[in-house]
Amino acid sequence: ASAAWAPRSSACRIANSLVSAGCAIEGTVENSVLSPGVRVGPRAVVKGSVLWDDVVVEADAQVSAAIADERVVFSRGCQVGVGEPVASEERPASLSCGASVLAMNVRLPAGARVGKNCMVHVEATENDIGTEVPSGKSVWPAAAAKPVRP
């Protein structure tokens, strides 16, 4: 543990993780890497994830095997990494390990459920994401044209 960050509550629990300066942890972090400015709220759990700068994990969120780019928000009570593993429909050769990838500035809606091997693309809104993203699925912004893969 570094002197540059401090637990924000007696319920804070960190195990086998790299936590950067400027993080505020009130929940549980296990086997994860947290970049500067990450906040983990009360009763939130982060496991096996990489969270880039200024990611927010709100109270009661459960984040497992996520790779979250800068400024992603896991809203209150959302769950990531749930369900049975299904290879990514978009990138089956490279995204089949169970990790889900969230692009910068994405905000998951409160209570949303995101499966394994999912991709949430930049500029996808809470409406695009909805309440559930099944394992292996991708979410694009409604206005974006999906790429045609050969």
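Presented here is a report on the structure given in the accompanying data block. Just so we're clear, the structure is a prediction, and the values are computed from it rather than from any experiment. (Residues numbered from 1 in each chain as written. Predicted model: local features only at pLDDT ≥ 70, side-chain atom pairs only at ≥ 80, totals over all residues. Heavy atoms only, no water.)

**Some details on a nonpolar patch on the surface**
Argument step 1. Among the surface-exposed residues, Leu18, Val33, Val50, Trp52 and Ile67 lie close enough to one another that they form a single nonpolar patch of about 420 Å² accessible area.
Argument step 2. Following the sequence through the fold, Leu18 ends up in strand β3 (residues 18-19).
Argument step 3. Taking the relative accessible area as the measure of exposure, Leu18 reaches 55% and is therefore exposed. (Patch = residues over 30% accessible without salt bridge, like charges linked within 9 Å, V, L, I, M, F, W, Y side chains within 5 Å. Areas by Shrake-Rupley, 256 points an atom, 1.4 Å probe, with all protein chains shown as cover. Salt bridge = Lys/Arg side-chain N within 4 Å of Asp/Glu carboxyl O. Helix = DSSP H or I, 4+ residues; strand = E, 2+ residues; numbered from the N terminus. Buried < 20%, exposed > 50% of the residue type's maximum accessible area, 1.4 Å probe, protein only.)

**A short note on the nonpolar core**
Argument step 1. Of all hydrophobic cores here, the largest spans 33 residues; its most connected members are Val40, Leu51, Val57, Phe74 and Leu108.
Argument step 2. Not counting the four nearest positions on each side in its chain, Phe74 is found in contact with Leu51, Val55, Val56, Val57, Glu58, Ala61, Val63, Ala66, Ala68, Val80, Leu102 and Leu108. (Core = buried A, V, L, I, M, F, W, Y, C linked by side-chain atoms within 4.5 Å. Contact = heavy atoms within 4.5 Å.)

**Observations concerning the sheet that holds strand β20 (residues 138-139)**
Whenever strands of a sheet pair, they do so through backbone hydrogen bonds, lying parallel or antiparallel.
Argument step 1. Across the sheet, which stays open at both edges, the seven strands sit in the order β3-β6-β9-β12-β15-β18-β20 with parallel pairing between neighbours. Two strands bound the open sheet, and with one partner strand each, they are β3 and β20.
Argument step 2. With two bridges joining them, β3 and strand β6 (residues 33-34) adopt parallel strand pairing. Bridge pairing links Val19 to Leu34 in β6. (Pairing = 2+ DSSP bridges.)

**Describing the sheet that holds strand β5 (residues 28-30)**
Argument step 1. An order of β2-β5-β8-β11-β14-β17-β19 is seen for the seven strands of this open sheet, with the pairing classed as parallel. Each having just a single partner strand, β2 (13-15) and β19 (132-133) make up the two edges of the open sheet.

**A look at the pattern of salt bridges**
Argument step 1. Under the definition given, this model contains nine salt bridges.
Argument step 2. Linking Arg107 and Glu58 is a salt bridge whose minimum nitrogen-to-oxygen distance equals 3.3 Å. Placement of Arg107 in strand β16 (residues 107-108) and of Glu58 in the loop between β10 (56-57) and β11 (62-64) is noted, with a sequence separation of 49 residues between them.
Argument step 3. Taking the relative accessible area as the measure of exposure, Arg107 reaches 35% and is therefore partly exposed.

**A look at the side chain of Ser88**
Argument step 1. Tracing the chain through its elements places Ser88 in the loop between β14 (79-80) and β15 (100-102).
Argument step 2. The class of Ser88 is buried, set by a relative accessible area of 1%.
Argument step 3. Looking at Ser88, its side chain comes within polar contact range of the main-chain nitrogen of Glu90, at 3.1 Å.
Argument step 4. The residues touching Ser88, leaving out its near neighbours within four places in the chain, are Leu95, Asn117, Met119 and Gly136. (Polar contact = N/O pair within 3.5 Å; in protein donor to acceptor, adjacent residues only side chain to side chain.)

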